[in-house]
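Descriptive structure summary
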Amino acid sequence: MNSGPTSETSPHTASVPVASAAGPPLTATNLSLTRGFANWLQTNNTSIAFTSYQSGRVYLVGVDGQGRVAILEILTGRAMGLWADDQRLVVAVLNQVWRYENILQPGQILEGKDRHFIAREARTTGDLDIHDIAIDGEGRIVFVNTLFSCLATLSERHSFKPIWKPPFISRRAAEDRCHLNGTAMGAGKPAFVTATSRSDAVNGWRARRGEGGCVIDVESSEIVTEKLSMPHSPRWHDGKLWVEDSGSGYLGTVDLSSGRFERAVFCPGFLRGLAFHKHFALVGLSLPRDGSFKGLTLEDELRKRDADPWCGVQIIDLRTGDIVEWLRFEAGVTEMFDVAVLPGVRNPGATAPSAPQLSTLLSIEEA
């Protein structure tokens, strides 16, 4: 079922249909985007992917043969942390980690798609509330194990193998004590992490959403800052540590010597999910779960601007701070989690693990 038109479109926006990797989309999705979105993807020779755990889907966004934005959804269930490059997607879902691989050769096209991702492996971890996920320099999948307040990797026999925990966490317990949620990779390994607080008690972070958010140096275990509000999605880019201060709505950088958070751009929503392409930042935004961002500075920032919160992706030119393109869900999706870029990919496709055609979609690795 194609998405319907938005309730109102301006000369600078357009509605776009959403296709499904396993037949008709299972939810009515109403989505609009800037008219320049397709041109931005083409000019920058990339496509993008993002996840929504509320809708339980991974979305692939590219440009079709007619130069139009093409959006494909993959039903996964509680899709959260996402890592991607031009050949692979790694996705954390409710109780598993999925690895998707591209089966097409260079120059090969399948139904108008220049990549086609198939789920080749699913590792069962149990419900660890996995947030950010990445691949390190050794090719290992590493992830933020939020339930156990640690960084972890996959285990051949067990739910996970812990590799690091914050210095203030006295022991590993399934208690989501500090809400460890994000990791910035540097030199092929986790370099910095974010947590909502330094709490060492079960669910203790929930009472500290407004302040006390931390950035921690993984190698030294030193706290770089604890003056943020629900920080998410730390990323190392162009020699700087970028962080979303989600409780205030600002994307910015953290000075590693002083711990000072330097605000760069305000975005009208709860920020979660961050990727970079050249001098652009791609930011995920979510709506409030209970109708407002009560207790967060973000609520005041929106009121000050007489603005409504968004759910979608905004592309920011970091040279100017301008939001140059955007994609917005008007209905069907209310919360995002992660965003990734697929450099060199024009129009990505996929087949969902539940799709009937998976039985006959065969490929051979040549010797």
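Small disclaimer: the values here were computed from a predicted structure and weren't measured.

Nonpolar side chains tend toward joint burial in soluble globular proteins. Of all hydrophobic cores here, the largest spans 27 residues; its most connected members are Phe37, Phe50, Val61, Ile71, Leu327 and Phe329. For this core, the element with the most residues is helix 1 (residues 37–43), which contributes four residues. Aside from chain neighbours lying at most four places away, what touches phenylalanine 37 is Ile48, Val61, Val69, Ile315, Glu325, Trp326 and Leu327. If you look at the next biggest cluster of nonpolar residues, it comprises 21 residues, including Leu82, Trp98, Ala340 and Leu342.

All right, on to the sheet that holds strand 13 (residues 150–153) then. With antiparallel pairing, four strands are arranged side by side in an open sheet as 11-12-13-14. A strand with exactly one partner marks an edge of an open sheet, and here the two such strands are strand 11 (130–135) and strand 14 (161–164). Strand-to-strand, the axes of this sheet are offset by a mean angle of 35°, without reference to chain direction. The pairing of strand 13 with strand 14 spans three bridges and is classified as antiparallel. Counterpart to threonine 153 in the pairing with strand 14 is lysine 161.

Looking now at the sheet that holds strand 2 (residues 18–20). The sheet built from five strands is open, its strands ordered 2-6-5-4-27 with mixed pairing. The outermost strands of the open sheet, each flanked by one partner alone, are strand 2 and strand 27 (339–343). On average, each strand axis in the sheet is tilted by 25° relative to the strand beside it, whichever way the strands run. In this sheet, strand 6 (residues 69–75) lies alongside strand 5 (residues 57–63) in antiparallel orientation, the contact comprising seven bridges. Its bridge partner lying in strand 6, leucine 60 is registered against leucine 72.

Conventions used here
- Residues numbered from 1 in each chain as written.
- Predicted model: local features only at pLDDT ≥ 70, side-chain atom pairs only at ≥ 80, totals over all residues.
- Heavy atoms only, no water.
- Core = buried A, V, L, I, M, F, W, Y, C linked by side-chain atoms within 4.5 Å.
- Buried < 20%, exposed > 50% of the residue type's maximum accessible area, 1.4 Å probe, protein only.
- Helix = DSSP H or I, 4+ residues; strand = E, 2+ residues; numbered from the N terminus.
- Contact = heavy atoms within 4.5 Å.
- Pairing = 2+ DSSP bridges.
- Axes fitted to C-alpha atoms, helices over the stretch in contact; angles between N-to-C directions.

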